Amino acid sequence: MMRKTVIVFFLIAILLMQSVAVSALTESDAKQAWKDAKQVSKEKQEIHRDAKIKFAGDKSEENRQEVVDTGKETLHAALDEVEAWLIWKDLEAEENPDLPDDLKETISEDVDTNLAKIDELRTDVDGVSNQLELGIVFLKMVGKYLELLTDVARDSGRIYVHIADTYIDTAEEYESKLRVEAEKMDNNDAIIEKLDMAKSDIIEAKRNVNQAESSYEQVVLPGTPLIKFSEGNNYLRVAKTNLLSAHSNLNQAYNLMLKR
Amino acid sequence: MKKKICVVGLVLLFGLFASGCADQQPQEKTTQEIDHEDTETDIPVGTETPHQDEANENDYAESNVTSVTQEELDKLKEDIGKLEADDLGGLSGD
């Protein structure tokens, strides 16, 4: 009886420690975990590629088995990468107080749905015992990989657009306020010029964020979701450059006004 | 002996529970939050003396542009700088 009591206490303690560990995972930790998993996945793919090249040169049984083993490791690493990415995206949305609740809920649901699919796929990978099965599972995985990512990638794009829009709104607000003050000043040409440049940058940023949004909405299957996601990201990076330029001009206008 | 084990177990459970609650403390502000707090500018009160004129001019200029503050501009730059869009790795079927 004594022994049972002790065992029960330790089990409860272990369970509580696990829940504490999970709740301690922050968005930045999760992001780093994803980047690490992405790197591992890339390395495993290269190792598998090398194994196939080696097998092409020497079709020994040992090399054949290495192709199967490295192939399975590649698939597991890809699933680890996807899983880490989904967990990160979920936390990223959860920790952002500026996101609308419906967007957070959509992401949470899409993440849960796809995390469940990952477990099924792991079972498929574990069942592979030869090259033929590896090829079949690999083909299945390429398609499933896209399925796992598409919905949440599209959701992520919407988040990026939402966040970028808030920064654009803020920059516009500051430009407008500074302009009202500047127009009351004499000899304000230099200040107005800076504000005009800031306004131009903000307009350009808006255009690029709209382009990004259009690309993200095309992150669907059938189609080329990863390419569209990357395209959206590129537009967003340009919008970021526009916003930084806008900020620089606003700051210069502000400093000119302070010197008056 | 039995009592000691129960007490140790309860202490352990309580300690873990307390550390779990500590993790639920409100999150720090995220980098995406825009802080719109206005900063107050101190304007000297009382008789102005000649050597205070320059300081007062700067204060007047700053208070003249208090619709936007340097802190707000800095915060905006910091937030924009953290805007990241990460591409996803692919899975080649080769």
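Predicted model, so just to flag it, every value in this text is computed and none were measured.

Engineer: I would appreciate a short explanation of the environment of Ala198(A) in the present structure.
Structural biologist: Residue and element names in this part refer to chain A. Mapped onto the elements, Ala198 comes out in helix 6 (residues 189–216). Here Ala198 falls in the buried class, since its relative accessible area comes to 0%. For the pair Ala198 and Asn251, spaced 53 residues apart in sequence, the C-alpha to C-alpha distance is 9.4 Å. Non-local contacts of Ala198, meaning those with residues more than four positions away in its chain, are made with Ala246, Asn249 and Leu250.

Engineer: Help me understand the pattern of salt bridges, please; the structure alone is not making it clear to me.
Structural biologist: Taken as a whole and judged by the stated rule, the model has 23 salt bridges over all chains. Between Asp151(A) and Arg154(A) there is a salt bridge; the shortest N-O distance is 3.1 Å. Residue Asp151(A) and its partner Arg154(A) are both found in helix 5 (residues 131–182); the two are separated by three residues, about one turn of the helix. The exposure class assigned to Asp151(A) is partly exposed, which follows from its relative accessible area of 28%. We classify Arg154(A) as buried; its relative accessible area is 14%. When salt bridges with common partners are traced through the structure, they connect Lys31(A), Glu84(B) and Asp86(B) into a single cluster.

Engineer: Quick question: what am I supposed to make of the packing of aromatic side chains here?
Structural biologist: Here the distance between the centres and the angle between the planes together describe a pair of aromatic rings. All names here are of chain A. Going through the model one piece at a time under the given rule, you end up with four aromatic pairs over all chains. Note on Tyr216 and Phe229: the rings are 5.7 Å apart at their centroids and 50° apart in plane angle, and the pair reads as tilted. With Tyr216 in helix 6 and Phe229 in helix 7 (residues 225–258), the pair connects residues that are 13 residues apart, well separated along the chain. Tyr216 sits in the buried class, given a relative accessible area of 1%. The exposure class assigned to Phe229 is buried, which follows from its relative accessible area of 1%. One aromatic cluster is present, formed by Tyr160, Tyr216 and Phe229 through successive ring pairs. Directly above the ring of Trp88 sits Lys89, whose terminal nitrogen or CZ lies 4.0 Å from the centroid.

Parameters and conventions
- Residues numbered from 1 in each chain as written.
- Chains lettered and ligands numbered in written order.
- Predicted model: local features only at pLDDT ≥ 70, side-chain atom pairs only at ≥ 80, totals over all residues.
- Heavy atoms only, no water.
- Helix = DSSP H or I, 4+ residues; strand = E, 2+ residues; numbered from the N terminus.
- Buried < 20%, exposed > 50% of the residue type's maximum accessible area, 1.4 Å probe, protein only.
- Contact = heavy atoms within 4.5 Å.
- Salt bridge = Lys/Arg side-chain N within 4 Å of Asp/Glu carboxyl O.
- Phe/Tyr/Trp six-rings, centres within 6.5 Å; stacked < 30°, edge-to-face > 60°.
- Lys NZ or Arg CZ within 6 Å of the ring centre and 35° of its normal.

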